[in-house]
Amino acid sequence: MTEQLVEIEGLRKRFGKVQALDGLDLAVGRGEVHGFLGPNGSGKSTTIRILLGLMRADGGTVKLFGGDPWSDAVDLHRNLAYVPGDVTLWPGLTGGQCIDILARAHGRVDERRRAELVDRFDLDPTRRSRDYSKGNRQKVSLVAALATDVELLVLDEPTAGLDPLMEAVFQQVVHERRAEGTTLLLSSHLLGEVEALADRVSIIRAGRTVTTGTLTDLRRHTHSTVRAVTLRAPVLDRLQGLEDVQTTTDGDGRTDLHASAQPDAVGALVGALHEAGIHTLTVTPPSLDALFLRAYAGPDGPQEA
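Bear in mind the structure is a predicted one, so any value in this text is a computation, not a measurement.

Caption draft 1: Representation of the confidence of the model for the chain within the structure. Residues at a pLDDT of 70 or more form 95% of the chain, whose mean pLDDT is 90. For the chain, helix α10 (residues 288–295) is the element with the lowest average pLDDT, namely 72, and strand β4 (residues 59–64) is the one with the highest, namely 97. Here residues 299–305 scores under 50 on pLDDT; set against residues more than four positions off or in separate chains, the count is 17 contacts.

Structure, rendered in structure tokens:
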């Protein structure tokens, strides 16, 4: 069984009359990239602050490396690095000096990796941070965290302010760290980014986890889109699990089909299309965007996968 570096059960936190967290569950296994999703106000940042020992929970249990992040914060932080979504640096220091301070606070620094990351993120470390754009401030925090030899990286909106080219560099580096066995908790509003990186995903709503699992697991509970052109009209009358079926047939009998199919129905549909003579066929599994929207479709959202 995979060791859990992060174990959160029934987490609760209230700010005055606002219930920020209302029984949230989250588990992050060693060596995985875990996507942590939810809109603004859903409780992501509050969860991360409690996990980092910056805030005390009102209820539930929180374990980080098997310890208590509130009482054991100093020891636990030697094994993790954190990147916030809104980075504040020391204005009178250069970017390189800020990286040095942040990296030493995180843990053990790999100097070779540090120099490589500065180059890959196209960062000028000699400029004072007061002259940096938001994107460059974010690069400083990313380089400082990703250059350290730690077991866990906690990334809260890590690519905020980065251009698409730098987002691509970030994804490459995450894949490399994942291959080295580093565990990452990735909170992001960029669903495409999470879909490209995450082994598992947790979606939260109003302070509760509404679904969690691998993308394959989550996709079993929703529909795939099937588009096909067949030489003859397919026989679909006896097929179950199809929705929004649209077909058009030209004068030569060639049929253009568009349909939404439940996971168990895809095989039978493809079989029927094969019998009709497939000219072109595309089966598209649901995107993370679709899964996210499904989690927010009902009053309570779906249950855990």
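Caption draft 2: View of the packing of helix α5 (residues 134–146) against helix α6 (residues 164–179). Where α5 contacts α6, the two axes come as close as 12 Å, and the packing angle between them is 10 degrees. Considering the angle they form, α5 stands roughly parallel to α6. Facing α5, whose interface residues are Lys139, Leu142, Ala145 and Leu146, α6 presents Met166, Phe170, Val173 and Arg177. Of the residues in the contact of α5 with α6, the class split is six nonpolar, no polar and two charged.

Caption draft 3: Representation of the sheet that holds strand β10 (residues 224–230) within the structure. Here four strands make up an open sheet; going across it, the order is β11-β12-β10-β13 and the pairing antiparallel. At either margin of the open sheet sits one strand with a lone partner, and together these are β11 (242–249) and β13 (278–284). With direction set aside, neighbouring strand axes in the sheet form an average angle of 10 degrees. The pairing of β10 with strand β12 (residues 255–261) spans seven bridges and is classified as antiparallel. Residue pairing for β12: threonine 230 is matched across the bridge by threonine 255. Packed on one face of the sheet, helix α9 (residues 266–275) meets β10, β11, β12 and β13 and runs near 165 degrees to β13.

Caption draft 4: Examining the pattern of salt bridges more closely. Under the defined criterion, the tally for this structure stands at 17 salt bridges. Between lysine 13 and aspartate 58 there is a salt bridge, with its nearest N and O atoms 3.6 Å apart. Of the two residues, lysine 13 sits in strand β1 (residues 4–15) while aspartate 58 sits in the loop between α1 (44–51) and β4, which places them 45 residues apart along the sequence. Two residues, glutamate 176 and arginine 120, come together in a salt bridge whose shortest N-O distance is 3.0 Å. Of this pair, glutamate 176 sits in helix α6 while arginine 120 is found in helix α4 (residues 111–120), placing the two residues 56 residues apart along the sequence. The exposure class of glutamate 176 is partly exposed, given its relative accessible area of 34%. Several salt bridges share partner residues, and in doing so they unite Asp110, Arg112, Glu116, Arg120 and Glu176 into one network.

Procedures and definitions
Residues numbered from 1 in each chain as written. Predicted model: local features only at pLDDT ≥ 70, side-chain atom pairs only at ≥ 80, totals over all residues. Heavy atoms only, no water. pLDDT = per-residue confidence, 0-100. Helix = DSSP H or I, 4+ residues; strand = E, 2+ residues; numbered from the N terminus. Contact = heavy atoms within 4.5 Å. Axes fitted to C-alpha atoms, helices over the stretch in contact; angles between N-to-C directions. Parallel < 35°, antiparallel > 145°, perpendicular 65-115°, else oblique. Nonpolar A, V, L, I, M, F, W, Y, C, P; charged D, E, K, R; others polar. Pairing = 2+ DSSP bridges. Salt bridge = Lys/Arg side-chain N within 4 Å of Asp/Glu carboxyl O. Buried < 20%, exposed > 50% of the residue type's maximum accessible area, 1.4 Å probe, protein only.

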